Amino acid sequence: MFNLYWADESGFPAGDRGAAYGDGLFETIRMHGHRGVLLSRHLDRLVRDAGRLGIPVALRDLSKAYSTTVSRYAARYTGKAGDDWILKLTLTRGEGGRGYQPGAGMRPNLIVSSSPMPALPSPSGVAVDFSRVPLTVNPLLTGIKSLNRLEQVMAAREIEGELFEVIMADNDGNLVEGTRTNLLLKVPNGWVTPPTKSLAVAGILRQWLLERLRAKGELVIERAMGIGDVMAPDCQGLYLLNSVLGVVPVRQLAGQDLPADDGVATIFNPLELLE
């Protein structure tokens, strides 16, 4: 079990290891009224990745806290932005005193917050650039949406003006992901996306969409992706994937126009994926 805290109330412990060391993880869920988009996948990932970090949490306890949360927050957003809002669940190892080494028998903390639904990007596409901040992915933490996001914070500072996102590369120059998005490239014979094992965050929408494309008989290849791939003449489209914002086509990358349409975006209909 865990301690439950509401972000809009006081009383959160100053010694929480999430605040002190980034010792925790989080989920951001797009809500519509009392239901969440791809909800079970978000909750399953939180439980699974907490287990990888050695933070004990049971799905039944998390589901119960979710129900309490929806009862508390959903009414605040009724009639606003089509009843859409954002739920954030932050799970930390708990309060552990000084030092990196966790104490025995610690009780995790779950911090719950809500916010209005952000404006969605134009379906005609967005402008994107390459980040100067390299992204280093520790193999032990691959894919985990942990609280350790300083590289993304530094890269996000480069987003200004008309830019919607910046794409981060690893130390070998392979494109990995955006500060808040995963990548999907359309090529003549199918689709290309960076390998799951190379990702800092393995997105919920990314996994769902790859499964959906494969079920439709489309070829999806997970391999290293370079700048040459996205700037190649045979590039048929680059898409940014985010479970809140959806499938976002890139119409301009580093000043170069890319083919952009919202065809793949129509595969993802949030209202059909509510749970």
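The rules behind these values
- Residues numbered from 1 in each chain as written.
- Predicted model: local features only at pLDDT ≥ 70, side-chain atom pairs only at ≥ 80, totals over all residues.
- Heavy atoms only, no water.
- Helix = DSSP H or I, 4+ residues; strand = E, 2+ residues; numbered from the N terminus.
- Expected span 1.5 Å × (residues − 1).
- Buried < 20%, exposed > 50% of the residue type's maximum accessible area, 1.4 Å probe, protein only.
- Arc of directions from axis to C-beta.
- Contact = heavy atoms within 4.5 Å.
- Salt bridge = Lys/Arg side-chain N within 4 Å of Asp/Glu carboxyl O.
- Phe/Tyr/Trp six-rings, centres within 6.5 Å; stacked < 30°, edge-to-face > 60°.
- Lys NZ or Arg CZ within 6 Å of the ring centre and 35° of its normal.
- Pairing = 2+ DSSP bridges.
- Axes fitted to C-alpha atoms, helices over the stretch in contact; angles between N-to-C directions.

K.L.:
Tell me about helix α2 (residues 39-53), and please be specific about residues and values.
P.N.:
Taking 1.5 Å per residue, 15 residues should reach 21 Å; α2 reaches 21 Å between its end C-alpha atoms and fits that length. Every buried residue belonging to α2 is among Leu39, His42, Leu43, Arg45, Leu46, Asp49, Ala50 and Leu53, and all of these are buried. Along α2, the residues classed as buried sweep out an arc of 160° about the axis, all on the same side. Taken together, the buried residues of α2 touch β2 (24-32), β3 (35-36), α3 (59-73), β4 (84-92) and α5 (204-215). Just past α2, the residue Gly54 takes up positive phi, approximately 80°.

K.L.:
Which residues make up the pattern of salt bridges, and what are the values?
P.N.:
Counted under the stated rule, the structure contains 14 salt bridges. The salt bridge involving Glu9 is made with Arg72; its shortest N-O contact spans 3.1 Å. With Glu9 in the loop between β1 (3-6) and α1 (17-21) and Arg72 in helix α3, this residue pair connects regions lying 63 residues apart in the sequence. Relative accessible area serves as the criterion here: at 45%, Glu9 is assigned to the partly exposed category. In this structure, the salt-bridge partner of Glu27 is Arg45, at a minimum N-O distance of 2.7 Å. One end of the pair, Glu27, is in strand β2; the other, Arg45, is in helix α2, and 18 residues separate them in sequence. Among the charged side chains, a salt-bridge network with shared partners connects Asp8, Glu9, Arg72 and Arg76.

K.L.:
Can you lay out α5 for me, pointing to particular residues and giving the numbers?
P.N.:
An α-helix turns once every 3.6 residues. As a result, residues three or four positions apart point the same way. Between its first and last C-alpha atoms α5 spans 17 Å; for 12 residues at 1.5 Å apiece the expected length is 16 Å, and the two agree. Turning to α5, its buried residues are Ile204, Leu205, Arg206, Trp208, Leu209, Leu210 and Leu213. Backbone geometry just downstream of α5 places Gly217 in the positive-phi region, at approximately 90°.

K.L.:
Tell me about the packing of aromatic side chains, and please be specific about residues and values.
P.N.:
Scanning all chains against the criterion turns up 7 aromatic pairs. Aromatic side chains Trp6 and Tyr73 sit 5.8 Å apart centroid to centroid with 80° between the ring planes, which places their arrangement in the edge-to-face category. Within this pair, whereas Trp6 is found in strand β1, its partner Tyr73 is found in helix α3, the two being separated by 67 residues in sequence. For the pair Trp6 and Tyr73, a shared accessibility class is recorded, and that class is buried. Between Tyr77 and Trp85 the ring centres are 5.3 Å apart and the planes differ by 5°, which places this aromatic pair in the stacked class. No difference in accessibility class separates Tyr77 from Trp85, as the two residues are buried. Among the aromatic residues, ring-to-ring pairing joins Trp6, Tyr73, Tyr77 and Trp85 into one connected group. The side chain of Arg72 reaches across the aromatic face of Trp6, ending 4.3 Å from its centre. Its guanidinium or amino end placed over the ring of Phe26, Lys88 lies 4.8 Å from that ring's centre, counting from NZ or CZ.

K.L.:
Pulling in residues and values, what's your account of the sheet that holds β4?
P.N.:
In spatial order, the strands read β1-β5-β4-β2-β3; together these 5 strands make up an open sheet with mixed pairing. The sheet is open, and its two edges are formed by β1 and β3, each paired on a single side. Inspection of the sheet shows β2 paired to β4 by 9 bridges, in the antiparallel sense. Across the sheet, residue Arg30 finds its bridge partner in β4, namely Ile86. Contacting β2, β3 and β4, α2 runs over the sheet at an angle of about 175° to β2.

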